[in-house]
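# Architecture at a glance
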Amino acid sequence: MAILAAGIAVLTGLGAGLGIGYATGKAAESIARQPEASGDIRTSLLLGCALAEATAIYGFVIALLIVIMK
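Residues numbered from 1 in each chain as written. Predicted model: local features only at pLDDT ≥ 70, side-chain atom pairs only at ≥ 80, totals over all residues. Heavy atoms only, no water.

### Section: the overall build of the protein
On a plain count of helices and strands, the protein comes out with three helices and zero strands. When the helices and strands of the protein are placed in sequence order, the string is α-α-α. Based on the C-alpha atoms only, the size of the protein along its principal axes is roughly 55 × 15 × 5 Å. In the protein, which comprises 70 residues, the share counted as buried stands at 20%. Within the protein, contacts between residues separated by at least 24 positions form 77% of all contacts whose residues are at least 6 apart in sequence. Averaged over its 4 positive side-chain charges, the protein has a centre that lies 11 Å from the centre of its 4 negative ones. (Helix = DSSP H or I, 4+ residues; strand = E, 2+ residues; numbered from the N terminus. Buried < 20%, exposed > 50% of the residue type's maximum accessible area, 1.4 Å probe, protein only. Contact = heavy atoms within 4.5 Å. Lys, Arg positive; Asp, Glu negative; His and termini not counted. Charge placed at Lys NZ, Arg CZ, Asp CG, Glu CD.)

Okay, structure coming up:
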């Protein structure tokens, strides 16, 4: 049962990957439409990607803790 819980916890990486990919695509579209705003768009994109990646890392750490504490 713990292995199943760890597998579900690792699925946060899937959501983070999809979210980062979608955000990057939209940022590229935004920069293509308004090149003068590329600095602001890039800053917001990097902040969002960092937060999304943090959730994936938290899920991985939880999965490791579940497996180790079993």
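### Quick word on the nonpolar core
Core analysis: the biggest nonpolar cluster contains seven residues, these being Ile 20, Ala 27, Ala 37, Ile 41, Leu 45, Cys 49 and Ala 52. Of all the elements in the fold, those that place two or more residues in this core are helix H2 (12-33) and helix H3 (38-69). Broken down by element, this core gets its largest block of residues, four residues, from H3. With residues up to four places along the chain from it excluded, the contact list for Ile 20 reads Cys 49, Ala 52 and Glu 53. (Core = buried A, V, L, I, M, F, W, Y, C linked by side-chain atoms within 4.5 Å.)

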